[in-house]
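# Structural characterization, general
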Amino acid sequence: MSEARGELAEQYRRALEDYLHDAGERALARAYELGRKAVVDGLGVLEMAALHHEALASVLRLPAFEDRAKATEAAQGFLMESLSPFEMTHRAFREANTVLRRLHERIEEETRRIAHTLHDEAAQLLASVHVALAAMSHDLPPSARGRLEEVRGLLDRIEDDLRRLSHELRPTILDDLGLLPALEFLADGIAKRTGLPIEVGGSTHGRLPPVVETALYRIVQEALTNAVRHADAARVRVELQREPQAIRCSIADDGVGFDAPTVLAHRGGPGLAGWWASGSGSKPSAGASR
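Everything numeric here is computed off the predicted structure, so don't read it as measured data. (Residues numbered from 1 in each chain as written. Predicted model: local features only at pLDDT ≥ 70, side-chain atom pairs only at ≥ 80, totals over all residues. Heavy atoms only, no water.)

### Remarks on the confidence of the model for the protein chain
The test is simple: Known as pLDDT, the predictor's per-residue confidence is scaled from 0 to 100. Here a residue-residue contact requires only that any non-hydrogen atoms of the pair lie within 4.5 Å.
Averaged over every residue, the pLDDT of the protein chain is 82; residues scoring 70 or more account for 89%. Counting interchain partners and residues more than four positions distant, the pLDDT-below-50 stretch residues 270-290 has 57 contacts.

This is the structure in structure tokens:
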């Protein structure tokens, strides 16, 4: 990396010197190409500014540039052109982020629609089937009623599965009552299925914007899933804390944890986006702000 930076710095210095000699479009085109190369090589804006400062200081020591103030002012155009690829990259990132946010919102809306359909319409259909079976049972001989009860039992299992799927997709309680009741419901369901005690505490002091409630719910849902699958924990605690300009949500367990320095040093592998950890074997804590 240092060798590549040194080569780029030398190319930049020569291009800047040529630009200050004639200030032509060809020299500006070289500035733009050098900026693109810097983006590809992973340099940041501050590193590019430092590189420009070094190149300008070197060029101003040459006898040809006695009027340093004029040369410094002229060099600003070269710097701006070399930084334009960074601006374009930043704009592209913001646009992509906006598209991803809108896509995520649409997915959540569709998930909400499917979950509510499973919870409401499917439940109504199953209730109608139960009523029809109850009416049929009066016309059946006693020997056939046992088979009918078996069918009712299967319908009950289907109803339970549909209710569970709808809640896992998006619980209606999240839309109706808010984040804390939804997390309590989630924790209770996971605890019953796995036997892992999960406590939910704290308060949001009222409703939060829907996008914040959804994001925090998904974070906790994923964290609890990971705790069940990987942590080998005996207990988990979820804590919500409302601050003037932020809402914090921490998920802690007494499981095996991970070696934070090793994970953070492993830049090439999968990351732990949105998580903070300190100390060997410590457990992560998630946070979100609005």
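### Structural notes on the packing of helix H7 (residues 179-194) against helix H8 (residues 210-231)
Put simply, the rule is: The convention used is that axes are lines fitted to C-alpha atoms, helices contributing only their stretch in contact, and that angles between N-to-C directions extend from 0 to 180 degrees. What counts as a helix is a DSSP run of H or I of at least four residues, what counts as a strand is a run of E of at least two, and both are numbered from the N terminus. Just so you know how the angles are binned, under 35 degrees is roughly parallel, over 145 roughly antiparallel, 65 to 115 roughly perpendicular, and the rest oblique. With the far helix as reference, a near helix turned anticlockwise by less than a right angle produces a left-handed crossing, and one turned clockwise produces a right-handed crossing. Only Asp, Glu, Lys and Arg are considered charged in this grouping, and only Ala, Val, Leu, Ile, Met, Phe, Trp, Tyr, Cys and Pro are considered nonpolar; every other residue, Gly among them, is considered polar.
Contact geometry of H7 with H8 gives a least axis separation of 10 Å together with a crossing angle of 15°. Considering their axes alone, H7 and H8 lie roughly parallel with respect to each other. Classified by chirality, the crossing of H8 by H7 is right-handed. On H8, the residues touching Leu179, Ala182, Leu183, Leu186, Ile190 and Thr194 of H7 are Glu213, Leu216, Tyr217, Val220, Gln221, Leu224 and Val228. Within the contact of H7 with H8, the residues separate by chemical class into 10 nonpolar, two polar and one charged.

### Topic: the packing of aromatic side chains
Put simply, the rule is: We call Phe, Tyr and Trp rings a pair once their centres come within 6.5 Å, taking the six-membered ring for Trp, and we label the pair stacked below 30 degrees between planes, edge-to-face above 60, and tilted otherwise. Classification of residues uses two cut-offs on accessible area relative to the type maximum, computed with a 1.4 Å probe and protein chains only: under 20% is buried, over 50% is exposed, and between them is partly exposed.
Enumeration according to the criterion identifies two aromatic pairs in this entry. Judged by centre distance (5.1 Å) and plane angle (80°), the ring pair of Tyr12 and Phe78 falls under edge-to-face. Placement of the pair is Tyr12 in helix H1 (residues 2-22) and Phe78 in helix H4 (residues 68-137), with a sequence separation of 66 residues. A relative accessible area of 0% means that Tyr12 is categorised as buried. Taking the relative accessible area as the measure of exposure, Phe78 reaches 0% and is therefore buried.

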